[in-house]
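Coordinate analysis (summary)
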Amino acid sequence: MSRLISLVRPLAILAIALLLAVLMVKSRPQLEAKSVSIPVPLVTVQTVAKEELPVTVVAYGNVTAWRQLELTAQVGGRVLWQSPLFEPGVVVEAGEPLLRIDPTDYELALAEARQALSSAKLSLADAKSLRQAARVEEAEAAVAAAQARIVRAQRDLKNTEIVAPYRAVIDEQTVEFGQFISVGTRVGRIFGADRAEVRLPVPPQDVRFIQDVDTAGVTLHSENAGDVVSWKGRVSRVEARIDTQTRSFPVLVTVDNPLDLQQHSEPMRFGLFVRAQITGGTVPEAVLLPQSALHGENDVFVYSDGLLQRRRVTVARVGPEGVLVTDGLADGEQVVITRLELMFEGMAVAVSDV
């Protein structure tokens, strides 16, 4: 009997547990079924309004002088005088004396050449009076040689003073008062101050907008301690070559009298890094879109009746200011300028009110 009880007891416990589980499941409240609506993504759109748009080409470059000249000594000697203006950064006018070399030896050479000329002329006169043809020819040669030595002596004497050949900025000064220098010694370097040049690398797709150099306007900007300084310039030429390293066309921009404060609010100093804005030609019947609107090379999404439509367009130019589209869109259409992680043809979206 006890054995029967030991066999029945586990089965009874199992039956009671099963009964309790069934009662708990049946007593659980029923879940109410609800429909969940997934909100559609919000996008921002731009309404197409075609018009004639100007093209602004942006490029960067360094300011350089239109002339750079290494000053070298044409004669040797000791430096007897140095102009106080012959210092780096100083602007000097054309003809301004910069250095003087001891002229004593060259004054002596000029005097000796003049003495030799006088002697040669006396010999020539004597030969002519005696009608000695051989001596006349020799004396004439001596006169010509003496005259040539006078010209050389005068040139050497003039070269003892080194002057600025044009209005310039002193870039380097490499000799000092009292120093002995020889022929060919480098004494300094100057930059022409009448014009400044900026050589700008412009991509081939942008060069066509600035081929007419007479109508292209140029504004150069430089940021200095948070302040932006601007200068007006002009396009001098578009070089007929491509830079082998940057694969771009060099465009030369010129600024007249860059250091003149009567023409500019601030002097444009050589070596300055500037940003150039070149206003080139115009594109008729175009619309400017932000770069976020472009997908791939020439596709955009148009919003129509709550859905996205992928549209192939003609892109005339992609620049910092945006994408210039000339064909593929009609006035009044709404181009999506919001870039979502996932965008496809027929996707449902809603236009943001913001």
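Residues numbered from 1 in each chain as written. Predicted model: local features only at pLDDT ≥ 70, side-chain atom pairs only at ≥ 80, totals over all residues. Heavy atoms only, no water.

Looking at an unreviewed UniProt entry, one finds the protein chain named Efflux RND transporter periplasmic adaptor subunit, with Congregibacter variabilis as its source organism.

Quick word on the sheet that holds strand β7 (residues 97-101)
The condition that has to hold: When DSSP finds two or more bridges between a pair of strands, those strands are recorded as paired. Where helices and strands are cited, they refer to DSSP runs of H or I of at least four residues and of E of at least two residues respectively, numbered from the N terminus.
Taken in spatial order, the four strands make up an open sheet running β8-β7-β5-β10, and their pairing is antiparallel. On the outer flanks of this sheet lie β8 (161-163) and β10 (180-181), each paired with one strand and no other. By the bridge criterion, three bridges tie β7 to β8 in an arrangement that is antiparallel. Paired with Pro97 across the bridge in β8 is Val163.

Remarks on the sheet that holds strand β4 (residues 68-72)
Ordered by their spatial adjacency, four strands build an open sheet running β4-β11-β9-β6, and the pairing between neighbours is antiparallel. One side of each edge strand has no neighbouring strand; the edge strands of this open sheet are β4 and β6 (91-92). As defined by bridge partners, strand β9 (residues 168-173) adjoins strand β11 (residues 186-192) across five bridges and the pair is classed as antiparallel. Note on β11: the bridge partner recorded for Gln173 is Gly188.

What to know about the packing of aromatic side chains
Both the distance between ring centres and the angle between the ring planes are used here to describe each pair of aromatic rings. For clarity, the cut-off: Two rings from Phe, Tyr or Trp (for Trp, the six-membered ring) form a pair when their centres sit within 6.5 Å of each other. Planes less than 30 degrees apart are called stacked, planes more than 60 degrees apart edge-to-face, and all others tilted.
Under the counting rule described, the total for this entry stands at two aromatic pairs. On the basis of an interplanar angle of 10 degrees and a centroid distance of 6.0 Å, the ring pair of Tyr60 and Phe273 is categorised as stacked. With a gap of 213 residues between them, Tyr60 in strand β3 (residues 51-65) and Phe273 in strand β16 (residues 273-289) connect regions that are remote in the sequence. Seen from their ring centres, Phe191 and Phe270 are 5.7 Å apart, and the 90 degrees between their planes marks the pair as edge-to-face.

Section: the nonpolar core
We count it as follows: Residues grouped as a nonpolar core are buried Ala, Val, Leu, Ile, Met, Phe, Trp, Tyr and Cys residues, joined through side-chain atoms within 4.5 Å. Relative accessible area decides the class of each residue, using a 1.4 Å probe on protein chains only: under 20% of the type maximum gives buried, over 50% gives exposed, and in between gives partly exposed. Any two residues whose heavy atoms approach within 4.5 Å are treated as being in contact.
In this structure, Leu200, Val202, Leu220, Val235 and Ile278 are the most contacted members of the largest nonpolar core, which totals 31 residues. Of all the secondary-structure elements, those providing two or more residues to this core are β3, β12 (195-202), β13 (217-224), β14 (227-238), β15 (249-256) and β16. When near neighbours in sequence (up to four residues on either side) are disregarded, Val235 contacts Val213, Ala216, Val218, Val251, Leu252, Val253 and Ile278. Core analysis: the next-biggest nonpolar cluster, separate from the first, contains 19 residues, Leu71, Ala73, Tyr106 and Val187 among them.

Considering the pattern of salt bridges
The line we're drawing: Criterion for a salt bridge: a side-chain nitrogen of Lys or Arg within 4 Å of a carboxyl oxygen of Asp or Glu.
Taken as a whole, this structure holds 17 salt bridges when the rule is applied. The salt bridge partner of Arg234 is Asp256, with a shortest N-O separation of 2.7 Å. Taken together, the residues Arg234 in strand β14 and Asp256 in strand β15 connect sequence positions 22 residues apart. For Arg234, a relative accessible area of 36% gives the class partly exposed. On the basis of relative accessible area, Asp256 is assigned to the partly exposed category, the value being 32%. Across the pair Glu321 and Arg317 runs a salt bridge, and its minimum N-O distance is 2.4 Å. When salt bridges with common partners are traced through the structure, they connect Glu70, Asp171, Glu172, Arg186 and Arg189 into a single cluster.

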